[in-house]
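What the coordinates show
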Amino acid sequence: QVQLVESGGGLVQAGGSLRLSCAASGRTFSSLHMAWFRQVSGKERDFVAAISRLGENTLYSESVKGRFTIARDNAKSTVSLEMNGLLPEDTAVYYCAADLAPLLSRRSQGMNYWGAGTLVTVSS
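Rules used in this analysis
- Residues numbered from 1 in each chain as written.
- Predicted model: local features only at pLDDT ≥ 70, side-chain atom pairs only at ≥ 80, totals over all residues.
- Heavy atoms only, no water.
- Helix = DSSP H or I, 4+ residues; strand = E, 2+ residues; numbered from the N terminus.
- Buried < 20%, exposed > 50% of the residue type's maximum accessible area, 1.4 Å probe, protein only.
- Contact = heavy atoms within 4.5 Å.
- Phe/Tyr/Trp six-rings, centres within 6.5 Å; stacked < 30°, edge-to-face > 60°.
- Lys NZ or Arg CZ within 6 Å of the ring centre and 35° of its normal.
- Core = buried A, V, L, I, M, F, W, Y, C linked by side-chain atoms within 4.5 Å.
- Disulfide = S-S within 2.5 Å.
- Pairing = 2+ DSSP bridges.
- Axes fitted to C-alpha atoms, helices over the stretch in contact; angles between N-to-C directions.
- Salt bridge = Lys/Arg side-chain N within 4 Å of Asp/Glu carboxyl O.

Here we look at the side chain of Ser105
Relative to the assigned elements, Ser105 resides in the loop between strand E9 (92-99) and strand E10 (113-114). Ser105 gets classed as buried once you look at its relative accessible area, which sits at 17%. The contact partners of Ser105, leaving out residues within four places of it in the chain, are Phe47, Ala50, Leu59, Asp99 and Met111.

Structure representation (structure tokens):
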């Protein structure tokens, strides 16, 4: 079993920055692909970014490409999401997810473990 705990959410003005962090425990961190998703109340959970086990490959949604950066520290069992140039439409609950599958994926259905989420609110 893998436990994921997100932190770093909060309220920020449009154009500002936030850094989310997710701490993992319960399994060798480098055996997991890691991803961030976000969800607005009443809508589906959307893919944001993913990073491969050793950090050599990353994926981003088109809506955040160039503004957000995913990174991981396998020594500390953490994955982060640096968010710059935030827009009101980035407002959502952000979830950290871990994936045991062989290939890096954008699919929420394929994720094996989820954190409880952290709220990011971007004011206009």
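There is more to say, and it comes next.
Concerning the packing of aromatic side chains
Per the stated rule, a full pass over the model turns up three aromatic pairs. Between Tyr95 and Trp114 the ring centres are 6.4 Å apart and the planes differ by 85°, which places this aromatic pair in the edge-to-face class. Note that Tyr95 is positioned in strand E9 and Trp114 in strand E10, a separation of 19 residues in sequence. A connected cluster of aromatic rings, assembled from ring pairs, spans Phe37, Phe47, Tyr95 and Trp114. The aromatic ring of Tyr95 is capped on one face by Arg45, whose charged end is 3.6 Å from the ring centroid.

Focus: the nonpolar core
What tends to happen in soluble globular proteins is that the nonpolar side chains get buried as a cluster. Leu4, Met34, Trp36, Val79, Leu81, Met83 and Tyr94 are the most contacted members of the largest nonpolar core, which has 29 residues in total. Mapped onto this core, the elements with two or more residues apiece are strand E3 (18-25), strand E4 (33-39), strand E5 (45-51), strand E7 (68-73), strand E8 (78-83), E9 and strand E11 (118-123). Those residues in contact with Met83, other than ones at most four positions away along the chain, are Gly16, Ser17, Leu18, Leu20, Arg67, Phe68, Tyr94 and Val120. Among the nonpolar cores identified, the runner-up in size contains six residues, and Phe37, Phe47, Ala50 and Met111 belong to it.

Focus on the state of the cysteines
The tally for this structure, following the rule as stated, stands at one disulfide. Paired through a disulfide, Cys22 and Cys96 show a sulfur-sulfur distance of 2.1 Å. Between Cys22 and Cys96, the disulfide has an S-S torsion of -80° and is therefore left-handed. In this pair, Cys22 sits in strand E3 while Cys96 sits in strand E9, placing the two residues 74 residues apart along the sequence.

Quick look at the environment of Ala101
Along the chain, Ala101 falls in the loop between E9 and E10. Residues Ala101 and Met111, spaced 10 residues apart in sequence, show a C-alpha to C-alpha distance of 8.2 Å. Aside from chain neighbours lying at most four places away, what touches Ala101 is His33, Arg53 and Asn112.

Describing the sheet that holds E8
The strand order E1-E3-E8-E7 describes an open sheet built from four strands, whose pairing is antiparallel. Two strands bound the open sheet, and with one partner strand each, they are strand E1 (3-7) and E7. Geometrically, the sheet is characterised by an average inter-axis angle of 15° between neighbouring strands, direction not taken into account.

A few points about the pattern of salt bridges
Inspection of the entire model under this criterion finds four salt bridges. Glu82 serves as the salt-bridge partner of Arg19, at 3.6 Å between the closest nitrogen and oxygen. Placement of Arg19 in strand E3 and of Glu82 in strand E8 is noted, with a sequence separation of 63 residues between them. Classification of Glu82 as partly exposed rests on a relative accessible area of 28%. The salt bridge partner of Glu62 is Lys65, with a shortest N-O separation of 2.8 Å. With a relative accessible area of 46%, Lys65 lands in the partly exposed category.

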